[in-house]
Amino acid sequence: MVRPLSSMRHSRLGRHGTFYLTILPFLVLFGAFGLFPVLASLYLGFTDWDGLSAPRFVGIQNYVDLVRDPVFRISIANTLMLWACSTAATVGIAFVLAFLVNYYVPGGRSVLQVVFLAPLLVAPAMTAIITQAMFSSNGGVVNDLLGAALRHPVTFDWTRSAWALKALIVWMVVWRWTGWHMVIFVAGFQTIPLQTYEAAIVDGARPSQIFRLVTLPLMRPIVMFSLITATVGGLQLFDEVYVLTGGTGGAQHAGMTMAIYLYQAAFQDFRFGLGSAAAYVIFALIMVASLLLSRSTNPQGAPA
Amino acid sequence: MINVSRRGRVVATAIVIVAGLICLFPLYWMVVIATHTNQEFYRVPPPVLPGSGALENLHQLTANVDILHALWNSVYVALAHSVLVLFFCSLAGYGFSRFRSAPGHRGLYAFTLATIMIPPAAGLIPWFVEMKWLGWLNSYWPMIVPDAANAFGIFWMKQYIDRSIPHDLYEAARIDGASDLWTYWRVVVPLIRPGLGALGIWTFLATWNLFLVPLLVLNDKGLFTLPLALTGLQSLYGTNIPATMLGTAIGVAPLLIAFCLFSRQFIAGLTGGAVKE
């Protein structure tokens with residue numbers, strides 16, 4: 001099927017036209033449902049709006065209210081603490097496990113990957129339901145095991161204690177995500193060619209030196225990817241915490257994360273302006289944290 | 001590092017196995033409890049192996065939550081969303097992969113990637129208001145349409161198409177007079193099926209597990225997807241844990257089965273995006 005010359009010239013222009021057509025759905029959908037809401041949120045952060053009557057411009061009053069609100073300050077502290085603990089635990093454990101699986105464990109890799117990825121399949125909301133049942137004060141398996149070990153019935157209410165609730169939240173995140181990071185790290189380890197290690201051994205390097213000077217630097221970009229992904233997710237933690245605390249944020253706000261605060265402000269108290277301001281605080285925190293992370297894992301200072 | 005001692009291997013394998021058991025234990029326990037009745041749950045010593053109380057739990061469960069309906073809802077929403085995502089993302093990925101000389105290509109691609117960094121929480125409230133204005137509240141539209149052309153999927157598809165389709169193929173198609181869209185549909189799509197499979201299965205999973213959006217948007221209990229329907233159980237019954245566990249088991253089972261069947265695609269989708277080859 002040979003086309004005449006004139007229409008071939010036309011199809012060269014048409015080719016570029018097709019490009020814009022292929023990305024049009026993304027531009028339209030993102031513009032309408034991604035970009036506009038984020039910009040509108042910025043504006044709303046400076047208004048007082050209940051979602052029904054007209055928004056009322058109030059300047060930085062919302063931000064002032066946030067700073068003055070002890071619950072919001074608690075939510076920032078909680079979010080940061082939960083993020084730090086769960087990210088360190090998840091990425092650290094995943095790295096160790098991936099290292100062992102890649103270099104030490106003789107086989108069964110595909111089975112292991114299925115096993116470790118299984119928690120990821122469970123909806124976070126359902127993970128919270130299962131965790132609640134497991135740690136239930138009466139009949140939960142954890143209290144049963146503790147009671148058997150201590151030879152004395154244990155009816156500790158994990159969700160009522162501030163530190164225990166936080167521990168449960170960290171547990172849920174670690175249980176869920178460690179396998180994901182592990183699979184990524186294993187793939188990363190596999191990209192390090194054996195010749196590199198052999199060359200290092202020939203040069204007389206000891207195992208600890210090889211680890212520090214060969215393995216770690218080569219894994220740096222992947223570890224950074226993991227840390228940033230865990231951060232973006234961790235600072236917005238909502239589903240598990242909401243379900244575990246029944247939407248309340250826990251006794252004495254022990255489980256109040258910034259996302260829950262946002263949800264309550266906007267969709268329970270109908271203060272859309274305040275909620276939008278909180279959303280921007282979360283946004284800013286995520287940006288700052290991601291920037292700091294990408295700087296810190298790249299000591300040369302050049303952007304990765 | 002390469003030649004590890006036998007003792008090292010044994011210790012490492014033991015650690016990994018213990019970690020794996022910890023991963024699986026909550027799911028195993030869920031199945032054990034789901035198959036025991038409420039009285040058996042509080043028995044001392046507690047049950048350790050699966051029992052035969054599942055049917056009774058099912059009665060209790062369905063009396064309070066229309067679980068089969070919720071299951072169907074989840075399947076429907078996840079399928080619809082995944083199909084749309086596959087179409088839009090592969091189309092855009094094709095565009096970005098093939099037409100590198102189009103004006104603005106680089107800037108547009110960089111812009112697309114940059115949008116991955118925007119956290120969903122940032123625009124949540126206006127997004128919700130938009131759903132209200134569109135009349136999409138209490139429907140499935142918010143879960144199917146807005147996210148359908150998402151930047152991560154586009155990135156993934158572009159990478160995959162870059163790797164799988166040599167530019168000569170486009171040249172050959174062009175010389176044969178094929179239009180660009182025809183090339184997409186008849187040449188590219190059949191060749192990227194594994195990539196579509198991986199993206200499709202991850203999108204299905206993510207949509208199935210959605211909680212916040214359905215929570216915000218759905219009011220009708222008959223429309224609830226599984227995770228949302230199951231949390232309704234908690235407040236109704238703080239006292240029948242086995243029936244609740246049966247509910248979560250039903251919620252998890254389809255995905256676990258899909259995962260065992262398509263584990264290769266799952267893992268390909270995971271490692272393909274993070275590690276540059």
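So, here's what we can say about the structure. (Residues numbered from 1 in each chain as written. Chains lettered and ligands numbered in written order. Predicted model: local features only at pLDDT ≥ 70, side-chain atom pairs only at ≥ 80, totals over all residues. Heavy atoms only, no water.)

## Concerning the overall build of chain B
Part 1 of the reasoning: What chain B contains, in helices and strands, is 15 helices and 0 strands.
Part 2 of the reasoning: Over its C-alpha atoms chain B spans a radius of gyration of 23 Å, topping by over 25% the 19 Å that the globule rule assigns to 277 residues.
Part 3 of the reasoning: For chain B, the C-alpha atoms occupy an extent of roughly 75 × 65 × 35 Å along the three principal directions.
Part 4 of the reasoning: When burial is assessed residue by residue, chain B has 55% of its 277 residues classed as buried.
Part 5 of the reasoning: A separation of at least 24 residues holds for 74% of the contacts in chain B among residues at least 6 apart in sequence.
Part 6 of the reasoning: As presented, chain B carries roughly 12700 Å² of accessible surface, and 67% of it is formed by carbon and sulfur atoms. (Helix = DSSP H or I, 4+ residues; strand = E, 2+ residues; numbered from the N terminus. Rg over C-alpha atoms; globule rule 2.2 N^0.38 Å. Buried < 20%, exposed > 50% of the residue type's maximum accessible area, 1.4 Å probe, protein only. Contact = heavy atoms within 4.5 Å. Areas by Shrake-Rupley, 256 points an atom, 1.4 Å probe, with all protein chains shown as cover.)

## Re the overall build of chain A
Part 1 of the reasoning: Within chain A, the regular secondary structure consists of 12 helices and 2 strands.
Part 2 of the reasoning: Reading chain A from its N end, one meets helices and strands in the order α-β-β-α-α-α-α-α-α-α-α-α-α-α.
Part 3 of the reasoning: Over its C-alpha trace chain A gives a radius of gyration of 25 Å, far above what one expects of a compact globule, namely 19 Å for 304 residues.
Part 4 of the reasoning: Scored against the burial criterion, the 304 residues of chain A give a buried share of 53%.
Part 5 of the reasoning: Across chain A, contacts joining residues at least 24 apart in sequence account for 68% of those joining residues at least 6 apart.
Part 6 of the reasoning: Total accessible area on chain A stands at roughly 13800 Å², and carbon and sulfur atoms take up 68% of it.

## Considerations on the pattern of salt bridges
Oppositely charged side chains are able to pair whenever their charged atoms sit close together.
All names here are of chain B.
Part 1 of the reasoning: Tallied over the entire structure, the rule returns 6 salt bridges over all chains.
Part 2 of the reasoning: Across the pair Arg98 and Asp180 runs a salt bridge whose closest N-O atoms are separated by 3.5 Å. With Arg98 in helix α4 (residues 67–98) and Asp180 in helix α10 (residues 180–191), the pair connects residues that are 82 residues apart, well separated along the chain. Side by side, Arg98 and Asp180 carry an identical accessibility label, which is buried.
Part 3 of the reasoning: One salt-bridge network, in which partners are shared between bridges, spans Arg100, Lys158 and Asp162. (Salt bridge = Lys/Arg side-chain N within 4 Å of Asp/Glu carboxyl O.)

## Looking at helix α5 (residues 105–114) of chain B
Helical geometry: 3.6 residues make up each α-helical turn, so side chains three or four residues apart lie on a common side.
Part 1 of the reasoning: Taken together, the buried positions of α5 of chain B are occupied by His105, Tyr109 and Thr112 of chain B. Projected onto a plane normal to the axis of α5 of chain B, the buried residues spread over an arc of 60° and lie on a single side. (Arc of directions from axis to C-beta.)

## Some remarks on the nonpolar core
Part 1 of the reasoning: If you look at the biggest cluster of nonpolar residues, it comprises 182 residues, and the most contacted ones within it are Phe185 and Phe189 of chain A together with Met245 of chain B.
Part 2 of the reasoning: The element that contributes the greatest number of residues to this core is helix α7 (residues 162–190) of chain A, accounting for 16 residues.
Part 3 of the reasoning: Every residue in contact with Phe189 of chain A, bar those within four places of it in the chain, is listed here: Phe95, Ala98, Phe99, Asn102, Tyr103, Thr215 and Met219 of chain A. (Core = buried A, V, L, I, M, F, W, Y, C linked by side-chain atoms within 4.5 Å.)

## Considering the packing of aromatic side chains
In this description, a pair of aromatic rings is defined by centroid distance and the angle of the planes.
Part 1 of the reasoning: Inspection of every chain in the model, using the stated rule, returns 45 aromatic pairs over all chains.
Part 2 of the reasoning: Arranged with centres 5.8 Å apart and planes meeting at 85°, the rings of Tyr103 of chain A and Tyr197 of chain A form a pair that is edge-to-face. You can see Tyr103 of chain A sitting in helix α3 (residues 70–103) and its partner Tyr197 of chain A sitting in helix α8 (residues 194–202), a full 94 residues away along the chain.
Part 3 of the reasoning: Between Tyr263 of chain A and Phe267 of chain A the ring centres are 5.6 Å apart and the planes differ by 45°, which places this aromatic pair in the tilted class. Note that Tyr263 of chain A and Phe267 of chain A are positioned in helix α11 (residues 258–268) at a spacing of 4 residues, about one turn of the helix.
Part 4 of the reasoning: One aromatic cluster in this structure is built from Phe19 and Tyr20 of chain A together with Phe87, Phe88, Tyr94, Phe96, Phe99, Tyr109, Tyr170, Tyr184 and Trp185 of chain B.
Part 5 of the reasoning: Positioned above the aromatic ring of Trp177 of chain A, the side-chain terminus of Arg176 of chain A is 5.6 Å from the ring centre.
Part 6 of the reasoning: Positioned over the ring face of Tyr109 of chain B is Lys158 of chain B, at 4.7 Å from the centre of the ring. (Phe/Tyr/Trp six-rings, centres within 6.5 Å; stacked < 30°, edge-to-face > 60°. Lys NZ or Arg CZ within 6 Å of the ring centre and 35° of its normal.)

## What about the interface of chain A and chain B?
Part 1 of the reasoning: Contacts between the two partners involve 99 residues from chain A and, on the opposite side, 96 residues from chain B.
Part 2 of the reasoning: For the pairing of chain A and chain B, the buried interface totals around 8300 Å² over both sides, and the portion due to carbon and sulfur atoms is 81%.
Part 3 of the reasoning: If you sort the residues of chain A by the area they bury against chain B, Phe26, Phe33 and Leu121 of chain A come out on top, with a joint share of 9%.
Part 4 of the reasoning: Scanning the region where chain A abuts chain B turns up 0 salt bridges.
Part 5 of the reasoning: Summed over the shared surface of chain A and chain B, the number is 8 residue pairs in polar contact (both at pLDDT 80 or more).
Part 6 of the reasoning: In the side of chain A that touches chain B, the residues fall into 74 nonpolar, 19 polar and 6 charged. (Buried area = accessible area lost by both parts, 1.4 Å probe. Polar contact = N/O pair within 3.5 Å; in protein donor to acceptor, adjacent residues only side chain to side chain. Nonpolar A, V, L, I, M, F, W, Y, C, P; charged D, E, K, R; others polar.)

## Considerations on the packing of α8 of chain A against helix α9 (residues 207–234) of chain A
Residues and elements named next belong to chain A.
Part 1 of the reasoning: Interaxial distance between α8 and α9 falls to 11 Å at its minimum, and their mutual angle equals 145°. The chirality of how α8 crosses α9 is right-handed. Contacts from Thr196, Tyr197, Ala200 and Ile201 in α8 reach Ile210, Val214 and Thr215 in α9.
Part 2 of the reasoning: When the residues that make up the contact of α8 with α9 are grouped by side-chain class, the tally is 5 nonpolar, 2 polar and no charged. (Axes fitted to C-alpha atoms, helices over the stretch in contact; angles between N-to-C directions. Left-handed = near helix turned anticlockwise from the far one by under 90°.)

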